[in-house]
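Structure assessment
Below, each chain spelled out in residue letters.
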Amino acid sequence: IGCEDGSVKIFQVVPGGIQFERNLDRRKGRVLCLSWHPSDTHIAAGSIDFFRVIDVASGQTVQRVMVNHHVEKTKRECVVWAIALLSRGTVVSADSFGRVQFWDWQQGTLAESHTVSTSAALSLAVSEKEDSIIVGTSTGATYQLQLLPVKLGGLEKRWVRTKPFQFHSHDVRAVAHSPTALISGGLDAQLVIRPLMEKMQKKSYDAALRKFTFPHRRLVSCARKARLLLFQFSQYLELWRLGSTEETGKDGEVLPLCRMPEHLVQLKSKGPEHIYCSCVSPCGTWVGYATASRFHLYRVRCDGDGVSLRKVPKVPKLVPPAYQLQFSADSDSLFVASARGSVHVFQLLEPGGCKHLHTLRPPSGCSEAVYLLAPSADGHWLAAVSGDWAIHIYNLKCFKHHCVVPTYKCAVSALAIHPITNNLVIAYSDQQLFEFSIPEKQYTSWSRAVQSRGLHRAWLERDSPITHIAFNPKNPSHILLHDTYLLCVLDKSLPLPDDSALLMNQSTLKQLPETARKRQLHAFKICKKFQPLLFMDLLDKNCLVVVERPIMDFKTQLPLPVQQKKFGT
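Residues numbered from 1 in each chain as written. Predicted model: local features only at pLDDT ≥ 70, side-chain atom pairs only at ≥ 80, totals over all residues. Heavy atoms only, no water.

1. Concerning the sheet that holds strand 6 (residues 61-66)
What counts here: The rule for pairing is simple: two strands pair if DSSP sees at least two bridges between them. Each helix is a run of DSSP H or I of at least 4 residues and each strand a run of E of at least 2, with the numbering of both proceeding from the N terminus. For helices, the fitted line uses only the C-alpha atoms of the stretch in contact; every axis is such a line through C-alpha atoms, and the angle between N-to-C directions lies from 0 to 180 degrees.
Sheet architecture is open: 4 strands sit in the order 3-4-5-6, paired in antiparallel fashion. Each of the sheet's edge strands pairs with one partner strand only, and the pair in question is strand 3 (33-36) and strand 6. Looking at each pair of strands side by side, their axes are set apart by 15° on average, direction ignored. In this structure, strand 4 (residues 42-46) lies alongside strand 5 (residues 50-55), joined through 5 bridges in antiparallel fashion. Residue pairing across strands places A44 opposite V53, the latter belonging to strand 5.

2. Remarks on the confidence of the model for the protein
Counted only if it meets this: You can read pLDDT as the predictor saying how much it trusts each residue, on a scale of 0 to 100.
Residues of the protein with pLDDT of at least 70 account for 95%, and the chain-wide mean is 89. Per-element mean pLDDT across the protein ranges from 75 in helix 4 (residues 514-520) up to 97 in strand 37 (residues 433-437).

3. Section: the sheet that holds strand 35 (residues 412-417)
Basically, it comes down to this: By the convention used here, residues are in contact when the closest approach between their heavy atoms is within 4.5 Å.
Judged by pairing direction, the sheet is antiparallel, and its 4 strands sit side by side in the order 35-36-37-38 without closing on themselves. For this open sheet the edge positions go to strand 35 and strand 38 (442-443), each flanked by a neighbour on one side alone. As paired strands, strand 35 and strand 36 (residues 423-428) are joined by 5 bridges and run antiparallel to one another. When the sheet's bridge partners are listed, V412 is paired in strand 36 with Y428. Those strands touched by helix 1 (residues 445-453) are strand 37 and strand 38, and its axis lies near 155° from that of strand 37.

4. A short note on the packing of aromatic side chains
The condition that has to hold: Stacked, tilted and edge-to-face are the three classes applied to pairs of Phe, Tyr and Trp rings, where Trp contributes its six-membered ring and a pair requires centres within 6.5 Å; stacked means planes under 30 degrees apart, edge-to-face means over 60, and tilted covers the rest. Sitting over a ring, as applied to charges here, requires NZ of Lys or CZ of Arg to be within 6 Å of the ring centre and within 35 degrees of the ring normal.
Evaluated as defined, the whole model comprises 14 aromatic pairs. With a centroid separation of 5.0 Å and 45° between ring planes, the pair formed by Y276 and Y323 is classed as tilted. On the criterion of sequence distance, the pair formed by Y276 in the loop between strand 22 (262-268) and strand 23 (277-280) and Y323 in strand 27 (residues 322-327) is long-range, its members being 47 residues apart. A cation sits over an aromatic face here: R64 above F50, 4.0 Å from the ring centre. Here R462 stacks its cationic end above the ring of W459, 4.0 Å away from the centre of that ring.

5. Describing helix 1
The condition is simple: Exposure classes here rest on a 1.4 Å probe applied to the protein chains alone. A residue is buried below 20% of its type maximum, exposed above 50%, and partly exposed in between. In this context, the arc is that of the directions from the helix axis out to the C-beta atoms.
The complete set of buried residues in helix 1 reads W446, S447 and V450. Taken end-on, helix 1 shows its buried residues confined to a sector of 100°, consistent with a single buried face. Exposed side of helix 1, more than 90 degrees from the buried face: S445 and S452 are the residues found there. Tucked into the core, helix 1 has its buried residues touching strand 37, strand 38 and strand 41 (487-491). G454 lies just past helix 1 and shows a positive phi near 90°.

6. Thoughts on the pattern of salt bridges
Oppositely charged side chains can pair when the atoms bearing their charge come close. So the rule is basically this: Whenever Lys or Arg places a side-chain nitrogen within 4 Å of a carboxyl oxygen from Asp or Glu, that contact is recorded as a salt bridge.
Under the defined criterion, the tally for this structure stands at 16 salt bridges. The partner of R27 in a salt bridge is D25, and the shortest N-O contact between them spans 3.0 Å. Assessed through its relative accessible area of 14%, D25 is described here as buried. With a closest N to O distance of 4.0 Å, E156 and R158 form a salt bridge.

7. So, the domain arrangement of the protein
Which entries qualify depends on this criterion: All domain edges in this entry derive from an automatic or database-based domain assignment.
On domain assignment, one finds that the protein holds domain 1 (7-212), domain 2 (239-244 + 259-405) and domain 3 (408-556). Here the C-alpha centroids of domain 1 and domain 2 sit 42 Å apart.

8. Some points on the environment of N505
Note the threshold: Polar contacts here mean pairs of N or O atoms no more than 3.5 Å apart (in protein, one a potential hydrogen donor and the other a potential acceptor; neighbouring residues in sequence count only if both atoms are side-chain atoms).
Take N505: it is sitting in the loop between strand 41 and helix 3 (506-510). Residue N505 is classed as buried on the basis of its relative accessible area of 5%. A C-alpha to C-alpha distance of 46 Å links N505 and S364, two positions 141 residues apart in sequence. Setting aside its immediate chain neighbours within four residues, N505 contacts Q520, H522 and F524. Engagement of the side chain of N505 in a polar contact is seen with the side chain of H522, the distance being 3.3 Å.

9. Some points on the pairing of strand 24 (residues 286-290)
Burial analysis of strand 24 places 5 of its 5 residues in the buried class, which makes it a mostly covered element. Alternating positions in strand 24 separate into two faces, W286, G288 and A290 on one and V287 and Y289 on the other, with burial throughout. For strand 23 and strand 24, the ladder comprises 4 bridges, and the chain directions are antiparallel. Looking across to strand 24, one finds that C277 is bridged to A290. Hairpin remark: strand 23 followed by strand 24, antiparallel, with 5 residues in the connecting loop; positive phi at G284, about 80°. Pairing of strand 24 with strand 25 (residues 295-303), which is carried by 5 bridges, proceeds in the antiparallel orientation. Its bridge partner being in strand 25, G288 is matched across the sheet by L297. Linkage of strand 24 to strand 25, two consecutive antiparallel strands, is achieved through a turn of 4 residues.

Right under this line is the structure:
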């Protein structure tokens, strides 16, 4: 760990945390970046105007190199924002002058220098083979540098800037280099994955450019019976009552409200910790949330137009913290997913209390955090997804492990249990959909048919994973899915489309006569009216609630990006 006072501290990783071991050589100047040598023998530490290399065994600085003496007539400080120590003894630095420089640290000499930006170079990452580097800058651009032969077939190699990418509007503070992609995270709240096409064998899911703006976790929860929405912000929660109308109209009409949406209460979290997860019960009388170290439960009472919150005393202390909260359909139980693979079951008591009933643990003894929960409507089953991508099904009547869904090659992005059939519908990060019968412990015939036939190419090439699944009580064959950009009704009673068919064909179908329309009907009905889509759920058989989060709402709160002079302006 590099510190503002110029010291570098070594900590040992121990079960449950870290433990201080010793201080290395302290020098004047802030330590702004660090990099281990792949053999763990040395550490490079970047500061203002210089970097140094420290021998880990002795704790002493073995080389100190000035980085600003190559800039003529400058009085500005040169800040080393990022550094990498390669196995062959080369130090790579990225600095506030927009340069990426390659140093022989043993000689203290500059081998190569590349000015990639007129503003600061803020971050860098090196590929596993150390033949490619990605650099992030304050203009929002990322650059790739590759180690290439000077002559075709020759042994001498030089670093060459090969690919510039402009996917961000603000500072690119973090970058990573995977074997097949360049990954960047910007101050504009976007995570971008840019595949390296020369590493791709064919056009597939992995070959698509992907941009992620919203976290893949629930920030909105719904109390269906009470028609309330709970919004999770970083340090507070807001509870809203939905508006209502008594009018009816045609598709696309905006109906007048007889009751306006109402902000009921704001619940602030104490201390500096961010809220990690939250949930409101279906009846709207319980609200729970968790931070990195604490779990809180509140009783909500609506008295006429007023709302009161009362904290539930003596809530059992959870070690480790909660990763996901989910109330049962009857609001009598609360499921708390832990960071070590287990799920705690709490019974909610009147007038406002709770007690620990049981802890559900996977038979494998997996200690990966549980990040998704799905209880059944009849209170009989609970599905839990852990970080190893395993889906465990528990029987809540006897608190025993029921079965494990066959493990798939990708992460689970959403899952839900059908209220009538108790079939578990699963969406994976590669856009595949499965249906698993919990009572029969096997995939359903529909699921097998989907995998045999395959989903539409346009569906598989989407860059946003499904984040929520719901069901239509009026029609058991309907599955409602949504990601950031679309809302989809999947009708299991209709045939799946092949790649030659148009996936989004609603507007086309409206123009066809009845007989032709029936021939072109397929299972996917897609709506892109609401974007970006943060949340969707059915309140009842006739009402759907949708929450949009316009990107400009938070982009207007960002600081101004670096202004660049454009030719002709």
